[in-house]
Structures are given as structure tokens and as C-alpha cells.
Amino acid sequence: MTSSPKTTLTVQNLGVTFSDASGVLHALHDLSFTLLENEFVTLIGPSGSGKSTLLRVLAGLVPPTEGNVHYNTAQPKVGLVFQKANLMPWRRVIDNVGLTLELEGVSRETIHDRAMELVKLVGLEGFEKTYPQDLSGGMAQRVAIARSLMQDPDMLLLDEPFGSLDALTRERMGDELLHIWQARQKTVLMVTHSISEALYLSDRVLVLSSRPGTIKLDLKVTLSRPRTPDMQYANEFNILAQQLRQSLSEEIETL
Ligand SMILES: Nc1ncnc2c1ncn2[C@@H]1O[C@H](COP(=O)(O)OP(=O)(O)OP(=O)(O)O)[C@@H](O)[C@H]1O
Ligand SMILES: [Mg+2]
């Protein structure tokens, strides 16, 4: 008998409202979903539907206005990666990767060993002493991913991490991310605007409605793993892509 997978995160009836002098803006409304341990889930939705806001709530940076967010551990560790790597230009690759642990006062030796292991994992061995100005966009994003893994997070939140990369680099980075995910066994929630990227990478795709964002579709990706580039031309892939496209275009038409 196989045991059922554990839940990493439960979001219940989440609502987020921003208010300032100019008025009130409902960013998210009545959003509920769960993420299972080691699950790779992507989040797709129109611009302004609250995807980044949701990630910021899950990272504890924005408080929910309504509902709640519950992790299955008391003090969850969350790694965040944004569209821009935001590396510190005066620090070498290895020192950018190690930064978060330095702030926690962990010994230099432990930080160095762990950072070096992650530099290798993201395929940057040999570049550990390089400064950010000498890295390509894809390499800088690999540093940002390595940095987010330094604290061995329970959950990895990725906000359009490959959005500024060219198409081929983006595809390669997707494969590398799958490799990292398989090696490190993390629960991943990743925002993307690309239907094919969402399907290629994830176990499930959540579609957000236009603002205020709520879950419009929770699509199980039935493709087998490991994923290979030729799957993108298969019938099964196209059927799923059509379902996503239909769901998204209904939202964009209502904008
Ligand atoms: N701190 C804030 N104060 C006020 N309004 C905000 C704040 N953060 C986000 N918003 C608003 O909330 C809405 C959702 O923004 P959010 O950045 O989450 O959208 P998104 O889905 O990530 O969009 P995109 O695809 O363009 O990145 C937008 O209308 C935005 O202007
Ligand atoms: Mg966003």
C-alpha cells in the first residue's frame, strides 16, 4: 500500500486588498488550493491578476486581508527567485550564493562548502570567482536559483524566473530547473506566462482569473516524467495546451 503524499501548503479563501489614499484595490479573491510535498506547480494568468502578490503572501512579505495560509511546518523556509537576478555586483558568484547564510551567522567554512555544492548543482563550476557583470542572463539566473536554495527551503517560489531570457536559453534553463528539482526534492510554485513552459515543467497548472485573481482552473498535467523536448509535439501535450489557452483567453477577453 502506498501512503498518500503530504501537504506542504494549504491556502484557504485567501483575499488580498491594497488600500491607500487613492482607493481600494482587490488583488486576490477567495483563493483556495493545496500544494503537495515535492509537487511542481505553475501559476499562469493575465497581467495584473495577482500572481506576484500571491507569491509575496506565501513568502510572508504581504499579509492576507482575508483567509489564511498554512504550511505544514511551524517555521517554513521559503526560497524566492524573481525575473531579475538582483545579484550584488561587488560580490563574486560564490559570495552571492552564500549571502543569506552569512546574514544568519553560519561559519565561513560551512557557507563555502554549501555554496560550492550549489554552484556545481546549477552548472556554474569554474565561475565561482566571477563577478556578476561577466555573467550572461541565464548564468545570473542560475546564481539566483542557487542562492534561493542555500537555506534548504521547504518551498521554492519562482516569479517568471526565465522571463528575460531568449527562447533557447529559457528551454535549457527549464531542463536544468527540472534537474535541480529532482535532485533536491522541493515543492515548487512558479509563475510563467508561457503555456508550453507551464506544461513542460509542472505536475499541475493553476490558472488565475483576471483581477481580483481567483483560481479558475486547476489542471493536472498527465504527461509522464522525465519530460523530454519531443513531448511538446505530442497530441496529449496539444490537448492540454488548448485547454489552458481556452481558459486564459476567456480571461483576457474580459479585461
Ligand atoms: N503593494 C501594492 N500596493 C498597491 N497595489 C498593488 C501592490 N502590489 C500589487 N498591487 C496591484 O495588485 C494587482 C496585482 O498585481 P501583481 O503584481 O500581483 O500582478 P501579476 O499577476 O504578477 O502581474 P504581471 O503578470 O504583470 O506580473 C495590480 O493591479 C497591482 O497594481
Ligand atoms: Mg508579476
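Residues numbered from 1 in each chain as written. Chains lettered and ligands numbered in written order. Predicted model: local features only at pLDDT ≥ 70, side-chain atom pairs only at ≥ 80, totals over all residues.

I keep staring at the overall build of the protein and nothing clicks. Help me out?
In terms of regular secondary structure, the protein is built from seven helices and nine strands. Taking 255 residues into account, the globule formula puts the C-alpha radius of gyration at 18 Å, and the protein, at 19 Å, falls close to it. Counting only C-alpha atoms, the protein reaches 50 × 50 × 45 Å along its principal axes. Evaluated residue by residue, the protein yields a buried proportion of 35% over its 255 residues. Looking at the protein alone, contacts between residues at least 24 apart form 74% of all its contacts between residues at least 6 apart. (Helix = DSSP H or I, 4+ residues; strand = E, 2+ residues; numbered from the N terminus. Rg over C-alpha atoms; globule rule 2.2 N^0.38 Å. Buried ≥ 20, exposed ≤ 12 C-beta atoms within 10 Å, placed from the backbone. Contact = placed C-beta atoms within 7 Å.)

What's the story with the site of ligand 1 in this structure? I'm lost.
Every residue lining ligand 1 is accounted for by Phe18, Leu25, Ala27, Gly45, Ser47, Gly48, Ser49, Gly50, Lys51, Ser52, Thr53 and Arg211. Mapped by element, the contributors of at least two residues to the shell around ligand 1 are strand S2 (23–36) and helix H1 (51–58). The class makeup of the residues in the shell around ligand 1 is three nonpolar, seven polar and two charged. (Near = placed C-beta within 6 Å. Nonpolar A, V, L, I, M, F, W, Y, C, P; charged D, E, K, R; others polar.)

Is there a simple way to explain the nonpolar core in this structure?
Among soluble globular proteins, nonpolar side chains are generally buried collectively. Counting residues in each nonpolar core, the largest one holds 60 residues, and the members touching the most others are Val97 and Leu189. Looking at which element gives the most residues to this core, the answer is helix H4 (residues 137–149), with six residues. Here this core spans two domains, since at least three of its residues come from each of domain 1 (1–74 + 155–162 + 175–255) and domain 2 (77–153). Apart from residues no more than four positions distant in its own chain, Val97 is found in contact with Ala115, Leu118, Val119, Val143, Ala146, Arg147 and Met150. (Core = buried A, V, L, I, M, F, W, Y, C linked by C-beta atoms within 7 Å. Domains from an automatic or database assignment.)

Would you explain the domain arrangement of the protein in this entry?
It is common to report an interface's size as the accessible area lost on association of the parts. Entries for the protein in the domain assignment read domain 1 (1–74 + 155–162 + 175–255) and domain 2 (77–153). Computed from C-alpha atoms alone, the centre-to-centre distance between domain 1 and domain 2 is 25 Å. Tallying the contact residues gives 15 residues for domain 1 and 14 residues for domain 2. Sorting the residues of the side of domain 1 that touches domain 2 by element identifies strand S6 (155–159) and helix H5 (167–184) as the ones contributing at least two each.

In this structure, what is going on with the pairing of strand S1 (residues 7–20)? I would like to understand it.
Two strands pair when backbone bridges link them, and S1 and S2 are joined in this way by 10 bridges, in the antiparallel orientation. When the bridges of S2 are listed, Ser19 appears paired with Val24. Following S1, the chain reverses through two residues before pairing antiparallel with S2. Here S1 pairs with strand S4 (residues 66–71) via five bridges, running antiparallel. By the bridge assignment for S4, Gly15 is matched with Glu66. (Pairing = 2+ DSSP bridges.)

How do you make sense of H5 when you look at a structure like this?
Since one α-helical turn is 3.6 residues long, residues separated by three or four positions face the same way. Taking 1.5 Å per residue as the helical rise, H5 with its 18 residues ought to reach 26 Å, and the 26 Å between its terminal C-alpha atoms agrees with that figure. Restricting attention to buried positions, one finds in H5 the residues Met173, Gly174, Leu177 and Ile180. The buried residues of H5 all sit within an arc of 130° when viewed along its axis, so they share a single face. H5 presents Leu168 and Ala183 as exposed residues on the side facing more than 90 degrees away from its buried surface. Taken together, the buried residues of H5 touch helix H3 (108–121), H4 and helix H6 (195–201). Just past H5, the residue Gln185 takes up positive phi, approximately 50°. (Expected span 1.5 Å × (residues − 1). Arc of directions from axis to C-beta.)

Help me out: how do you make sense of the sheet that holds strand S5 (residues 78–81) in this one?
The strands making up a sheet are joined through hydrogen bonds of the backbone, oriented either antiparallel or parallel. As summarised here, the arrangement of the six strands in space is S5-S6-S7-S3-S8-S9, forming an open sheet in which the pairing is mixed. Two strands in the sheet have a free side with no partner beyond their single neighbour: S5 and strand S9 (215–220). Averaged over all adjacent pairs, the angle separating strand axes in this sheet is 15°, with direction ignored. Taken together, the five bridges between S6 and strand S7 (residues 187–191) define a ladder with parallel strand orientation. Along S7, the bridge assignment pairs Asp159 with Val191. Each of S5 and S6 is contacted by H4, which is oriented at about 165° to S5, the strand it contacts most. (Axes fitted to C-alpha atoms, helices over the stretch in contact; angles between N-to-C directions.)

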